[in-house]
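The residues making up each chain are set out below.
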Amino acid sequence: PAYTLHHLVRERYPRFSDALNDMDDALTLCFLFAALPSEKGIKAKVTNKAKAMAGSWAAYCATTSSITKSFISVKGVYVEASVQGSTIRWVVPHSFTQNLPNEVDYKVMMTFFEFYETLLSFVLFKLYNDLG
């Protein structure tokens, strides 16, 4: 049986501004999955979807000149953007070869990514739709 998470996103974020204000973790996880290799339970389909969504977000930020701050740290590049009055911060990991430790439960991360993928899809659709 197929299921969707659209109803959960609409329940949790009744207004679009609520969704924008909660984009930090969704973007950080999306950019992380885009940088991970396809192994240890992480399918290539997931990493490719994450790369596409991260690229769409980056393209939106570039098109609208939304990025306000950025700085480089040990974890990666921290980026801050102002989108429709909401300040959104996320981390883009450095593009080194990623080591996947055995102690991490990738199934839990996949569950979060599945929800955040739905959230990002809604947000990107609305933002690009508003652009025209």
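Up top you'll find the structure we're talking about.
None of these values were measured; they are calculated from a predicted model.

Let's talk about the nonpolar core
- Of all hydrophobic cores here, the largest spans 38 residues; its most connected members are Met23, Phe33, Trp57, Trp90 and Leu119.
- The element contributing the most residues to this core is helix α5 (residues 106-131), with 10 residues.
- If near-sequence neighbours (up to four positions away) are discounted, Met23 is found in contact with Trp57, Ile88, Leu119, Leu120 and Val123.

Some remarks on the packing of aromatic side chains
- Taken as a whole, this structure holds 9 aromatic pairs when the rule is applied.
- For the pair Phe115 and Tyr116, a centre-to-centre distance of 5.9 Å together with 55 degrees between the ring planes defines the contact as tilted. Like Phe115, the residue Tyr116 is buried in the burial classification.
- Site record: aromatic cluster; members linked through ring pairs are Phe31, Trp57, Tyr60, Trp90 and Tyr128.
- Above the plane of the ring of Phe16 lies Lys126, whose end atom (NZ or CZ) is 5.5 Å from the centre.

A short note on the pairing of strand β3 (residues 86-93)
- In this sheet, β3 lies alongside strand β2 (residues 76-83) in antiparallel orientation, the contact comprising 8 bridges. Directly across from Val79, in β3, lies its bridge partner Trp90.

Some points on the layout of surface pockets
- By volume, the largest pocket is sized at about 220 Å³.
- Lining the largest pocket, in full, are Tyr3, Lys43, Lys45, Val46, Lys49, Met110, Phe113, Glu114 and Glu117.
- Of all the secondary-structure elements, those providing two or more residues to the lining of the largest pocket are α4 (44-64) and α5.
- The element best represented in the lining of the largest pocket is α5, accounting for 4 residues.
- The residue inventory of the lining of the largest pocket, partitioned by class, reads 4 nonpolar, no polar and 5 charged.
- Approximately 190 Å³ is the volume attributed to the second largest pocket.
- Lining of the second largest pocket is provided by Val9, Arg10, Tyr13, Pro14, Arg15, Phe16, Ala19, Leu119, Phe122, Val123 and Lys126.
- If you list the elements that add at least two residues to the lining of the second largest pocket, you get α1 (6-12), α2 (16-21) and α5.
- Top element by residues in the lining of the second largest pocket is α5. It accounts for 4 residues.

How each quantity is defined
Residues numbered from 1 in each chain as written. Predicted model: local features only at pLDDT ≥ 70, side-chain atom pairs only at ≥ 80, totals over all residues. Heavy atoms only, no water. Core = buried A, V, L, I, M, F, W, Y, C linked by side-chain atoms within 4.5 Å. Buried < 20%, exposed > 50% of the residue type's maximum accessible area, 1.4 Å probe, protein only. Helix = DSSP H or I, 4+ residues; strand = E, 2+ residues; numbered from the N terminus. Contact = heavy atoms within 4.5 Å. Phe/Tyr/Trp six-rings, centres within 6.5 Å; stacked < 30°, edge-to-face > 60°. Lys NZ or Arg CZ within 6 Å of the ring centre and 35° of its normal. Pairing = 2+ DSSP bridges. 1 Å grid on protein atoms, 1.4 Å probe; cavity = no way out; pocket = protein on both sides within 12 Å on 5 of 7 lines; lining within 4 Å. Points joined across faces, edges and corners; volume = space filled by probe spheres on them. Nonpolar A, V, L, I, M, F, W, Y, C, P; charged D, E, K, R; others polar.

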